[in-house]
Amino acid sequence: MASLGIEAEQEPLLEDRTAGSREWDITETEEHYKSRWISIRILYLTMFLSSVGFSIVIMSIWPYLQKIDQTADASFLGWVIASFSLGQMVASPIFGLWSNYRPRKEPLIVSIFISVAANCLYAYVHVPASHNKYYMLVARGLVGFGAGNVAVIRSYIAGATSLQERTSSMANTSACQALGFILGPVFQTCFALIGEKGVTWDTIKLQINMYTAPVLLGAFLGVLNIILILILLREHRVDDSGRQCKNVNFEEVSTDEVQVPQGNIDQVAVVATNILFFVVLFIFALFETIVTPLTMDMYAWTREQAVLYGGIILAALGVEAVIIFMGIKLLSKKIGERAILLGGFIVVWVGFFILLPWGNQFPKIQWEDLHNNSIPNTTFGEIIITLWKSPREDHSEGPTGCPIEQAWCFHTPVICLAQFLTSAVLIGIGYPSCNVMSYTLYSKILGPKPQGVYMGWLTASGSAARILGPVFISQLYTSLGPRWAFSLVCGIVALTILLLVVVYKRLIAFSVRHGRIQE
């Protein structure tokens, strides 16, 4: 079976093996093999569409919110942005529990239907005479609630793959998710050509413009996704060796199926992995948040330059992440998942350490009495506002540099552009490595038992990290500056590395722990 695992990792992204001529035929028929991998690939698509649903409107929320409700301010924008992660955090354990006791089709279809309905609501938030901002808040929260199906997707893929296939499949899942985050803003940019006015279908009061067209596309793709799930998705569960297991999710019963192995799950490893996953998403969420204000303060970039160059940097990191996901499938077979996870955290620590300010050169000071174009002192929503500012809103670029309101600007050295770019590259290597390895190990620790609830908690911890990360960095950066902010991030990562070293030997597969398979 070892040679089989090596062969699996050498196959292309969406093709793992050909049944009928290999060792796998001992435990799986060709028909079952094809059905299993068709189902897994349908869930790759579902993961892609889920991430597109988040990112396809992220650049247009602020101007649309201002257009439909003049009472909306930056504070409320923060709630709109956070509502997606809040909805996902609440829904993930619910859908995970549901998937443990019922066919996975049910929570998947219901969650996608909720997302479709939420996208339609988003397209109509301009219709009510008042309180439009609250309708938008509900719409984005429901889209996030529907995205709670990520827990179901991960638990399904974990249960439908053997140990040898697991890392490759999880890497593919992460790659599809990353592609969704990259392509979502691209779709939004294409729809910008429609303009704010667009066209109106008076009969049903539907406006199709640059703000609503992306969500209508998302709703259409959601309907197609539901159809594909109804037609092609089948319930499959295999044990760590690849043999079919009996489970409540099964629609068909085969005499070749085996009982799910019994044994206790290592709860210490489970809790530790949840903490590791939280930190992984926490540090990347705060890095994404800080890119625009940091570059504006350090390099005296205008809002437009910061959004443009920052967008290019984040897009490049997304492409880098996809490449890393591909390489991980091969590297994990040579050095193991735990070593990659540890190495990823070390690379992230080095990235943030490099980001610490050094030298004697100080940033340009923004002396004029004006609104802070960097991170303000008030709300998380205002952190995001600079991403939606356009030249049409402010015909004069205004002064640039580090605002005088931030006292640290006078005594904190500038972060060189080479420092920043080197740090971004290292974080772009470490983050995807830690991301995919943490929940790959998590799925192996849980073993062949239904993982819906556990995956729900893992997804919820990631959602909480995406909420808390931006708030954490905004407060520290504004009050104390990058030296203290990034020093504390380095401290958090160092403590995480220490935790990983302590539990390193416990992060092993369920079947290895119980002596059924040798590591």
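Residues numbered from 1 in each chain as written. Predicted model: local features only at pLDDT ≥ 70, side-chain atom pairs only at ≥ 80, totals over all residues. Heavy atoms only, no water.

Under an unreviewed UniProt entry, the chain has the name Major facilitator superfamily domain-containing protein 8 and belongs to Zalophus californianus. According to the UniProt record, the Subcellular location (unreviewed entry) comment for the chain is "Endomembrane system". (UniProt positions renumbered as here; feature names shortened; annotations may be inferred.)

> Tell me what's going on with the pattern of salt bridges, and back it up with residues and numbers.
One pass over the structure, following the stated rule, counts six salt bridges. Residue glutamate 30 pairs with lysine 34 through a salt bridge whose shortest N-O separation is 3.3 Å. Here glutamate 30 and its partner lysine 34 are both found in helix α2 (residues 30–55), four residues apart, which amounts to about one turn of the helix. Where aspartate 266 meets arginine 506, a salt bridge forms, and the shortest distance between an N and an O atom there is 3.1 Å. Taken together, the residues aspartate 266 in the loop between α9 (213–232) and α10 (267–299) and arginine 506 in the loop between α16 (482–503) and α17 (510–513) connect sequence positions 240 residues apart. Overall, the relative accessible area of 6% leaves aspartate 266 in the buried class. (Salt bridge = Lys/Arg side-chain N within 4 Å of Asp/Glu carboxyl O. Helix = DSSP H or I, 4+ residues; strand = E, 2+ residues; numbered from the N terminus. Buried < 20%, exposed > 50% of the residue type's maximum accessible area, 1.4 Å probe, protein only.)

> Break down the packing of aromatic side chains for me, with residues and values.
Counted according to the given criterion, the structure contains 14 aromatic pairs. Positioned above the aromatic ring of tyrosine 439 is the side chain of arginine 154, whose terminal nitrogen or guanidinium carbon lies 4.1 Å from the ring centre. (Phe/Tyr/Trp six-rings, centres within 6.5 Å; stacked < 30°, edge-to-face > 60°. Lys NZ or Arg CZ within 6 Å of the ring centre and 35° of its normal.)

> With reference to specific residues and values, describe the side chain of lysine 133.
Residue placement: lysine 133 occurs in helix α6 (residues 132–146). One buried charged residue, lysine 133, forms no salt bridge at all, with the nearest opposite charge on aspartate 69 at 5.3 Å. Among residues more than four places away in sequence, those in contact with lysine 133 are Leu65, Asp69, Thr71, Ala72 and Phe76. (Lys, Arg positive; Asp, Glu negative; His and termini not counted. Contact = heavy atoms within 4.5 Å.)

> Please provide a residue-by-residue account of α9, values included.
Side chains of residues three or four places apart in an α-helix project in the same direction, reflecting 3.6 residues per turn. Counted at 1.5 Å a residue, the expected span for α9 with its 20 residues is 28 Å, and the 28 Å between its end C-alpha atoms agrees. Of the residues making up α9, those classed as buried are Ala213, Pro214, Val215, Ala219, Gly222, Asn225, Ile226 and Ile229. Where α9 is buried, its residues meet α2, α5 (105–123), α8 (163–191) and β2 (206–208). (Expected span 1.5 Å × (residues − 1).)

> Hey, could you go over the packing of α8 against helix α14 (residues 417–446) for me, with residue numbers and the actual values?
Orientation of α8 relative to α14, taken along the N-to-C sense of each, is 140°, at an axis distance of 9 Å. By the angle between their axes, α8 is oblique relative to α14. Handedness of the α8/α14 crossing: right-handed. Facing Leu163, Arg166, Thr167, Met170, Ala171, Thr173 and Ser174 of α8, the residues of α14 in contact are Asn435, Val436, Met437, Tyr439, Thr440, Ser443 and Lys444. (Axes fitted to C-alpha atoms, helices over the stretch in contact; angles between N-to-C directions. Parallel < 35°, antiparallel > 145°, perpendicular 65-115°, else oblique. Left-handed = near helix turned anticlockwise from the far one by under 90°.)

> Can you break down the packing of helix α3 (residues 61–68) against α6 residue by residue, with the values?
Viewed as axis vectors pointing N to C, α3 and α6 meet at an angle of 145°, and their least axial separation amounts to 9 Å. As for how α3 packs across α6, the hand of that crossing is right-handed. Across the interface between the two elements, Ile61, Tyr64, Leu65 and Ile68 of α3 pack against Asn132, Lys133, Met136 and Arg140 of α6.

> Give a description of the side chain of glutamate 320 that names residues and reports values.
Tracing the chain through its elements places glutamate 320 in helix α11 (residues 303–335). For glutamate 320, a relative accessible area of 16% corresponds to the buried category. Excluding its chain neighbours within four sequence positions, the residues that come into contact with glutamate 320 are Ala424, Val425, Gly428 and Ile429.

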